[in-house]
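Spelled out, the chains give:
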Amino acid sequence: MRWIRKNIIGAIAILVLVYLFIPIAVVIAFSFNKPEGKFNLQWNEFSFNAWTQICGVPGVCQSFLTSVQLGLISTVIATVLGTMIAFALVRYRFRGRSSTNLLIFMPMAAPEVVMGSSLLALFLNLRFPLGTVTVMIAHIMFIISFVVVAVKARLQGMDPKLEEAARDLYAGPAATFRYVTFPLVLPGIIGAALLGFSLSFDDFIISFFNAGTLVTFPIYIWGAAQRGIPPQVNALASLVFISALAIVLGAQLYSWRRRRSLATH
Amino acid sequence: MTNEGPRAGTSRRVEDLRLAGLTKVFGDQRAVDELSITIAAGSFFALLGASGCGKTTTLRMIAGLEEPTSGQVFIGDKDITELRAFQRPVNTVFQSYALFPHLDIFENVAFGLRRRGIKHVDAAVGQMLELVELSSLARRKPSQLSGGQQQRVAVARALINEPDVLLLDEPLGALDLKLRRQMQIELKRIQSEVGTTFVHVTHDQEEAMTMADTVAVMHAGRIEQLGHPADVYETPRTVFVANFLGQSNLIVGEKIQGGESVEVNAHGVRFTMPGSRNFAPGSQLVVGVRPEKMIVLDLADAGRIPSGQNTLHGTVTDVSYTGVSTQYLVLTAWGQQVIAFEQNSIVGDRCAVGDPVVLHWSPQHTFGLDPAGGLSSGIDPSVLALESDAEA
């Protein structure tokens, strides 16, 4: 009894982690598979083929690059716009401020199917050709919401006395922003940008409605799933996972080492 | 050797700070009401008052962080009212210190110099950190410092700019009692070393009295009384000051003789005070005396009282021994509680509860005040609530 009581939380935690990581482990494992038929669903034979010939399947790398490019551009534009909106909402009192605060949540709250289809209707009505630009517009729209929310939280959590102190110490409005406000809000902006990129890279529903003939990575996988997913997709997906992991670990390591060097200083 | 940075010990030209009719209105409330004072160059000036009395607003107007509704701020002959905060030769030590969390101690201290385009800051920053005894922590982040250390960084960050006036907004409020005492001495030392005018805002009367050479007691946007701490304490001019700065026994009475020596009849007892210590305009007045000025004697020893002293008969209702002194509560014939402190330097028995006693004190320690504002003005509301509970 005592043994159970002592270890039950740990046991449940392990089970939850297993539950979370099994799908990822399967994806990585099957990137080393050499499937028998078209479908990479049954383990056949270990091989590095998918990794050595990662672009071996037509279109897969093209779609991957398209998604990376799309994600980067949308994130940069949305982060700049969203940061400015957040500053306006926190720092200034203007007409329509509270309704803006509410409306900014809409893209986050609305179901993606609704968003995707209504955007499509809009573009069709405007006779706007579907493609990179329409997908980008759609992505920027929903990333902005996340950026605004993250940067706003950061700004609101900032002690207003810090900016007063900067003004008191001979920093004009521009210098106050550059040397105090911006560095303090930056972690929020970076966090929002990372999240925005992963949302854009990951998005299928909204992109699918508005892509026209453009093939993003999720759209490619969806198409491939109809005909049989090549292990290259697993390899690319593993690559994404590993780079995300590397970023997180790198950041942890960096802050840990900095804290240690400061403590011994 | 660079020429930048403060040179400890050297005298530099500092100018007076003058407020002329300074007023700030928030909505329909006059937070600061026609404030006109001159703060002498190089002095340590304390603005003392309860929260909401307008002292912090006054400070912020001097710093340029708040715009006055009307009135002006001068440094020497120069009107700085229209200057923005970053253009004023004035620096602030904030209550929460407001150290920049993303910069280390060195960069925090160097901030003001860098913003003014000074390139070589090492010598000045080093000197400043030495003044506040933090040289070894230059590369730490503010969050790694203790409260007292952060406080010293805040002082260094402001003083390095050699301001004409250093503003301190309750700088010791966040520290515990022991550290506060230590920092009081420290700040006093720094002030005498750099010779800058310090304007210190606080609600702690003891802090104001120990540190400042001029104290201004502020109440409802106005200055009630201004002067040397000892003068303000010994000779309060209003009921507010008598109650807010220390404690006072206040007895309502009627003036029966004016002139050089004022005689008062209060509940049938006669009190005397010098005419120069009576500040009541009319014949109604409040007789005041500080608790430590009263000497408590057993009724049997009444013969030992020298002639000319003010005396008051009563019964002891409470005795509390506080170490340094003993605190007596004495009930007068008309049912008023009077408080008296006795130094624990006497040999022999103290008076006990129920003893009939005579309190006596010198007319020179007596003051007369205008009763118009009521007798409880200046007493902490929570203390008042306690007292009414005790009576019920």
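Treat the numbers as computed from the prediction; the structure is a model and nothing was measured.

Attention shifts here to the overall build of chain A. From N to C terminus, chain A includes twelve helices and zero strands. For chain A, the sequential pattern of α-helices and β-strands runs α-α-α-α-α-α-α-α-α-α-α-α. Taken over C-alpha atoms, the radius of gyration comes to 23 Å for chain A, far larger than the 18 Å a tight globule of 265 residues would show. Split into buried and exposed, the 265 residues of chain A put 29% on the buried side. Across chain A, every contact between residues at least 6 apart in sequence was considered, and the portion connecting residues at least 24 apart equals 77%.

Domain assignment breaks chain B into domain 1 (17-230) and domain 2 (246-391). Computed from C-alpha atoms alone, the centre-to-centre distance between domain 1 of chain B and domain 2 of chain B is 38 Å.

All names here are of chain A. In this model, helix α6 (residues 112-125) (14 residues) spans 20 Å end to end at C-alpha, consistent with the 20 Å of a helix rising 1.5 Å per residue. Taken as a whole, α6 has its buried residues at M115, G116 and F123. Mapping the buried residues of α6 onto a view down its axis gives an arc of 95 degrees, with all of them on the same face. The exposed residues of α6 that point more than 90 degrees off its buried face are V113, V114, S118, A121, L124 and N125.

Next up on the list: the pairing of strand β1 (residues 17-26) of chain B. Residues and elements named next belong to chain B. Across five bridges, β1 lies against strand β4 (residues 70-75) in antiparallel orientation. The residue of β4 that forms the bridge with R18 is F74. Pairing of β1 with strand β2 (residues 29-39), which is carried by seven bridges, proceeds in the antiparallel orientation. Each bridged residue has a counterpart across the sheet, and for L22 the counterpart in β2 is L35. The turn joining β1 and β2, which pair antiparallel and follow one another in sequence, is formed by two residues; a positive phi near 60 degrees is taken by G27.

Residue and element names in this part refer to chain B. Taken in spatial order, the six strands make up an open sheet running β6-β7-β8-β3-β9-β10, and their pairing is mixed. Two strands bound the open sheet, and with one partner strand each, they are β6 (90-93) and β10 (222-227). Averaged over neighbouring strand pairs, the angle between their axes works out to 20 degrees when direction is ignored. Judged from the four bridges that link them, strand β3 (residues 44-48) and strand β9 (residues 214-219) form a sheet pairing that is parallel. Considered in β9, the bridge of F45 is made with T214.

Every contact between the two is made by 17 residues of chain A and, on the other side, 20 residues of chain B. Elements that contribute at least two residues to the side of chain A that touches chain B include exactly α8 (160-168) and α9 (173-202) of chain A. The element that contributes the greatest number of residues to the side of chain A that touches chain B is α8 of chain A, accounting for six residues. In the side of chain A that touches chain B, the residues fall into ten nonpolar, two polar and five charged.

With that settled, consider the nonpolar core. In terms of nonpolar packing, the biggest core is built from 97 residues, with V109, M128, A156, L167, V199 and V217 of chain B touching the most fellow members. The two domains that each donate at least three residues to this core are domain 1 (17-230) and domain 2 (246-391) of chain B. By size, the runner-up hydrophobic cluster in this structure holds 26 residues, among which are M136, F142, V185 and F209 of chain A.

This part takes up the packing of α8 of chain A against α9 of chain A. Residues and elements named next belong to chain A. One can describe the packing of α8 onto α9 by two numbers: an axis separation of 10 Å at closest approach and a directional angle of 160 degrees. With respect to α9, the element α8 is oriented roughly antiparallel. Of the two possible hands of crossing, α8 and α9 adopt the one that is right-handed. Touching L162, E163, A166 and R167 of α8 are T176, Y179, V180, T181 and L184, all from α9. Class assignment of the residues belonging to the contact of α8 with α9 gives a composition of five nonpolar, two polar and two charged.

Bringing the confidence of the model for chain B into the picture now. All names here are of chain B. With 94% of its residues at a pLDDT of 70 or more, chain B has an overall mean of 89. Note on residues 1-11: pLDDT is under 50 here. Beyond four places in sequence and across chains, it has 22 contacts. Both scores are available for the predicted complex, with the pTM at 0.80 and the ipTM at 0.80.

All names here are of chain B. Summarising the element assignment, G335 is placed in the loop between β17 (325-332) and β18 (337-343). According to the C-beta neighbour criterion, G335 is exposed, with 8 such atoms within 10 Å. For the pair G335 and G314, spaced 21 residues apart in sequence, the C-alpha separation works out to 9.1 Å.

This part is about the sheet that holds strand β19 (residues 356-361) of chain B. All names here are of chain B. Strand order in the open sheet made by the five strands is β15-β19-β16-β17-β18, with antiparallel pairing throughout. Each edge of the open sheet carries a strand with a single partner, namely β15 (295-298) and β18. Within the sheet, the average angular offset between the axes of one strand and its neighbour, ignoring direction, is 45 degrees. Inspection of the sheet shows strand β16 (residues 310-321) paired to β17 by seven bridges, in the antiparallel sense. Each residue of the ladder has a partner; that of S320, found in β17, is Q327.

Residues and elements named next belong to chain B. In this structure, A98 is a non-glycine residue whose phi angle is positive, near 50 degrees. Relative to the elements of secondary structure, A98 occurs in the loop between β6 and α2 (105-115). With 26 C-beta atoms counted inside 10 Å, the residue A98 sits in the buried group. Despite not being glycine, H267 shows a phi value in the positive range, around 50 degrees.

In this section: the environment of F44 of chain B. All names here are of chain B. Residue placement: F44 occurs in strand β3. Assessed through the 23 C-beta atoms surrounding it within 10 Å, F44 is described here as buried. Sequence separation of F44 and V286 is 242 residues, and the distance between their C-alpha atoms is 32 Å. Setting aside chain neighbours within four positions, we find F44 in contact with Q191, F198, H200, M211, A212 and D213.

For the rest of this paragraph, the subject is the packing of helix α4 (residues 147-159) of chain B against helix α5 (residues 177-194) of chain B. When two helices pack together, their arrangement is captured by the angle between the axes and the distance separating the axes. Residue and element names in this part refer to chain B. α5 packs onto α4 with a crossing angle of 20 degrees between their chain directions and a minimal axis gap of 11 Å. Our classification of the angle between α4 and α5 gives roughly parallel. Two packed elements cross with a definite hand, and for α4 against α5 that hand is right-handed. Contacts from G147, G148, Q151, V155 and L159 of α4 reach α5 at L179, M183, I190 and V194. Here the residues of the contact of α4 with α5 sort into six nonpolar, three polar and no charged.

What counts and what doesn't
- Residues numbered from 1 in each chain as written.
- Chains lettered and ligands numbered in written order.
- Predicted model: local features only at pLDDT ≥ 70, side-chain atom pairs only at ≥ 80, totals over all residues.
- Helix = DSSP H or I, 4+ residues; strand = E, 2+ residues; numbered from the N terminus.
- Rg over C-alpha atoms; globule rule 2.2 N^0.38 Å.
- Buried ≥ 20, exposed ≤ 12 C-beta atoms within 10 Å, placed from the backbone.
- Contact = placed C-beta atoms within 7 Å.
- Domains from an automatic or database assignment.
- Expected span 1.5 Å × (residues − 1).
- Arc of directions from axis to C-beta.
- Pairing = 2+ DSSP bridges.
- Axes fitted to C-alpha atoms, helices over the stretch in contact; angles between N-to-C directions.
- Nonpolar A, V, L, I, M, F, W, Y, C, P; charged D, E, K, R; others polar.
- Core = buried A, V, L, I, M, F, W, Y, C linked by C-beta atoms within 7 Å.
- Parallel < 35°, antiparallel > 145°, perpendicular 65-115°, else oblique.
- Left-handed = near helix turned anticlockwise from the far one by under 90°.
- pLDDT = per-residue confidence, 0-100.

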